[in-house]
Structure formats: structure tokens, C-alpha cells
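For reference, the chains in residue letters:
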Amino acid sequence: MAGARGRLRRRDPRRHRPRASRGSHGRRPHRAPGRGRGNALAWHASIEPLARARPVLAVDPLGEPGRSIQRCPLTSGADIGGWVADLLAVVGAERAHLAGFSSGGWAAMEHQRAGGGGVAALTLVDPGGLAPLSRRFVRWAAAGALASMLPGPLRRRSAGLVNNGVLRDDGLVALLRAGWSFRRRVPIPPGYRDEELRAVSVPVQVLMGARSALFDVGALAARLAEVVPSWRVEIVPGAGHSLSVEAPELVADRILSFPGTEQAGDAHAPTGGS
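Trainee: When you look at the overall build of the chain in this model, what are you seeing that I'm missing?
Mentor: When helices and strands are tallied, the chain shows 10 helices and seven strands. The 274 residues of the chain split such that 57% are buried. The contacts in the chain between residues at least 6 apart in sequence include a share of 78% that link residues at least 24 apart. Total accessible area computed for the chain in this model is approximately 11700 Å², and 53% of it derives from carbon and sulfur atoms.

Put into C-alpha cells, the structure is as follows:
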């Protein structure tokens, strides 16, 4: 397993200078930017099975609480994709499998829109950016935040009611609470147009929770099948938006078995979300 503390410095409004460690395997790591309010810890249960196959680099995204250091504002998707590109360049990635959860999926897509160097395949786990942010998702996030304040037994029982598996994980909830004072200032993905989806040149798979509050799962799956039929799309029964927490073994298996992985020989690189 490879860890990373992204000390991201920028000398102008477009550039970051990440510093990251290499994996103990002697190969370049898979990159996995973390999840909003939970950063790279959203991948904690998937790291071990992924790392058995290749090095893994889990990264706290800029704009989120964590150990990465942000030096200037993130005002656009180009800024988001820019820090991912800088990170991949610093660690010397040439054929990484880039995995993004929630807004980490948007970061992975923005990196592709900016040129996509160093990446051979994408796995997008209930990703932002594929559809406009809905009021339903805002209500879901608010309900989860309120439920996280309940006493442990009641909080864990409420996980099914509010459709948020994170509430069953005491460690993640404690970290979620610790990040409440963090002022999150990142752009909101507007939703990609059809031609923007078609422009992605590497193999892509999309994993969605059947109960996700982020988008209309059925409608999005139908749209992707029509617009980008080469993409692999899977809907996971019984899972919600927190798919990387609720079904970590399945997510790891799909990353490792994805057809693009044969070309993604460097590493796995998970990115986080909102």
C-alpha cells in the first residue's frame, strides 16, 4: 500500500506541486483521490484488496478536509483536473487506473478533459458530473449529517432509513464530525453534455448504487448506454451513494477486473468525493 500526503503548492493560478510517496512494491501506485468530508478514507476498505495486485496511492483531494495543502482557490473544472494532472506527473504515472468516488469521479473526468496524460483507464464510483446536482441529493446529505449526531446504536439503525451506509461505520462518522468546521469551497459540477462524454478516450466503467440519491440511476444508465455504449455501466442492488463504503469488496473487484486494467499497468489511483 502506498500512502501520500499531498502538499500541493502552486506558483500560478493553474499549477499545483504535489509531493507524494511511492509504493513499497517498487512500481508506480494506483491513484485514488478521496471523498468529500471523508477524503481518501472513503476507500479504506478497498485499499487492501487493490494493493495485493498493484501499488495504490490514495489522495486527499484539494478543497476537502485532509492532509493535502491548498494554496489558492479552485474555481473551475480545469482547476480540479489540473491538480490531478500535477499529482500524476509528480509520481511519474504513465498508465494508471484512476478511480474516483462521488466528486472524485468528476475530478477524474476533468483530468481527461484536460488531456488525460498518465491514465489508461477510469473507474467512476457513483460519480458527480454525469448529471446536474439534484435537490434530492442535498436533502440526502442533510439527513445523513443530522443522523450522524444521534447516539451510536440509534445512528446505526437509522442508516437504512436515510439510505447512508457511512452511518454504520463509527470511525468514519467520527472523522465526519471532525470535519464539520472545514469550509468546503469547490465548484459544483454542472453535468456533462453528450459530446463531452464521447470525448473521453480511455476505457471507462461506471458503478452506481441502485438507491443513489445523486441522480436518477435508471435514466443515467439509459443515457450512457445510448451516448457512450463502449462504457461499462453497472447498477449495484441495495447500495446507495456511499458505494465505496457499502460495497468495498465489489468495488475493488470491479476495478481489478475491468478490461482496461490490462493496459493500466502502473497502479490504481482512487480519488474521493462529496
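Trainee: Even after reading the chapter, I still don't get helix H2 (residues 77–90), so can you show me in this structure?
Mentor: An α-helix turns once per 3.6 residues; consequently, residues spaced three or four apart project the same way. Here H2 is 14 residues long and its end C-alpha atoms lie 20 Å apart, about the 20 Å a rise of 1.5 Å per residue gives. With 10 of 14 residues buried, H2 lies mostly within the body of the structure. The set of residues buried in H2 consists of Gly77, Asp79, Ile80, Gly81, Gly82, Trp83, Val84, Asp86, Leu87 and Leu88. Positive phi appears at glycine 92, one or two residues downstream of H2, with a value of about 75°.

Trainee: In this structure, what is going on with helix H8 (residues 217–227)? I would like to understand it.
Mentor: Listing the buried residues of H8 in full gives Val217, Leu220, Ala221, Leu224 and Val227. The arc that holds the buried residues of H8, viewed along the axis, is 140°, so those residues lie on one side. Exposed positions of H8 whose direction lies more than 90 degrees from the buried face are Ala225 and Glu226. In this structure, the buried side of H8 is in contact with helix H7 (194–198), strand E5 (204–209) and strand E6 (232–236). Backbone nitrogen of glycine 218 and a side-chain oxygen of the N-cap are separated by 3.3 Å at the start of H8; the cap is aspartate 216.

Trainee: What should I look at first to understand the pairing of E6 in this one?
Mentor: The two faces of the sheet receive side chains in turn, since in a regular strand these alternate between them. With five bridges connecting them, E5 and E6 associate as parallel partners. The residue bridging valine 206 from the neighbouring strand is valine 233, located in E6. Handedness of the crossover joining E5 and E6 through H8 is recorded here as right-handed.

Trainee: Which parts of the structure should I look at to understand the environment of valine 200?
Mentor: Along the chain, valine 200 falls in the loop between H7 and E5. By relative accessible area, valine 200 is classed as buried at 12%. Distance in space between the C-alpha atoms of valine 200 and valine 228 is 9.4 Å, their sequence separation being 28 residues. Once you skip the residues sitting within four places of it in the chain, valine 200 turns out to touch Met109, Gln112, Leu122 and Trp231.

Trainee: What should I look at first to understand unusual backbone geometry in this one?
Mentor: What you tend to see is this: most non-glycine residues have negative phi, and most peptide bonds are trans. Positioned with a positive phi, aspartate 126 is a non-glycine residue whose angle comes to about 40°. With respect to the helices and strands, the residue aspartate 126 is situated in the loop between strand E4 (119–125) and helix H4 (135–147). Unusually for a residue other than glycine, asparagine 163 sits at a positive phi of about 60°. For asparagine 163, a relative accessible area of 12% translates into the label buried.

Trainee: Even after reading the chapter, I still don't get the pairing of E4, so can you show me in this structure?
Mentor: Of all seven residues in E4, seven are buried, a share of seventy percent or more. Pairing of strand E3 (residues 96–101) with E4, which is carried by six bridges, proceeds in the parallel orientation. Each bridged residue has a counterpart across the sheet, and for histidine 97 the counterpart in E4 is alanine 121. You can see the chain leave E3, run along helix H3 (residues 103–113) and come back into E4, and the turn it takes is right-handed. Across four bridges, the pairing between E4 and E5 is parallel. Note that in E5 the partner of valine 125 across the bridge is leucine 207.

Trainee: Looking at this model, I keep getting lost on the confidence of the model for the chain. Mind explaining?
Mentor: Detailed reading of the predicted coordinates is not advisable wherever pLDDT falls low. Overall, the predicted model of the chain reaches an average pLDDT of 83, with 81% of residues at or above 70. Scored below 50 in pLDDT, residues 1–29 makes 91 contacts in the model with residues more than four places away or belonging to other chains.

Trainee: Whenever I open this one, the nonpolar core confuses me. Can you help?
Mentor: Nonpolar side chains in soluble globular proteins tend to be buried together. In terms of nonpolar packing, the biggest core is built from 41 residues, with Trp83, Met109, Leu122, Leu197, Val206, Leu224 and Trp231 touching the most fellow members. Elements that contribute at least two residues to this core include exactly strand E2 (56–59), H2, E3, H3, E4, H4, E5 and H8. The contact partners of tryptophan 231, leaving out residues within four places of it in the chain, are Met109, Leu197, Val200, Val204, Val206 and Leu224.

Trainee: What is the right way to look at the pattern of salt bridges in this model?
Mentor: A side chain with one charge may pair with a side chain of the opposite charge, provided their charged atoms come close. A full pass over the atoms with the stated rule returns 11 salt bridges. Note that arginine 52 is salt-bridged to glutamate 48, the shortest N-O span being 3.6 Å. The pair arginine 52 / glutamate 48 is uniform in exposure class, with both members exposed. For arginine 193, the salt bridge is made with glutamate 196, and the minimal N-O distance between the two is 3.2 Å. Taking the relative accessible area as the measure of exposure, arginine 193 reaches 48% and is therefore partly exposed. The network of salt bridges with shared partners includes Glu110, Arg113, Arg193, Glu195 and Glu196.

Cut-offs used in this document
- Residues numbered from 1 in each chain as written.
- Predicted model: local features only at pLDDT ≥ 70, side-chain atom pairs only at ≥ 80, totals over all residues.
- Heavy atoms only, no water.
- Helix = DSSP H or I, 4+ residues; strand = E, 2+ residues; numbered from the N terminus.
- Buried < 20%, exposed > 50% of the residue type's maximum accessible area, 1.4 Å probe, protein only.
- Contact = heavy atoms within 4.5 Å.
- Areas by Shrake-Rupley, 256 points an atom, 1.4 Å probe, with all protein chains shown as cover.
- Expected span 1.5 Å × (residues − 1).
- Arc of directions from axis to C-beta.
- Polar contact = N/O pair within 3.5 Å; in protein donor to acceptor, adjacent residues only side chain to side chain.
- Pairing = 2+ DSSP bridges.
- Right-handed = clockwise from strand over helix to strand, strands pointing away.
- pLDDT = per-residue confidence, 0-100.
- Core = buried A, V, L, I, M, F, W, Y, C linked by side-chain atoms within 4.5 Å.
- Salt bridge = Lys/Arg side-chain N within 4 Å of Asp/Glu carboxyl O.

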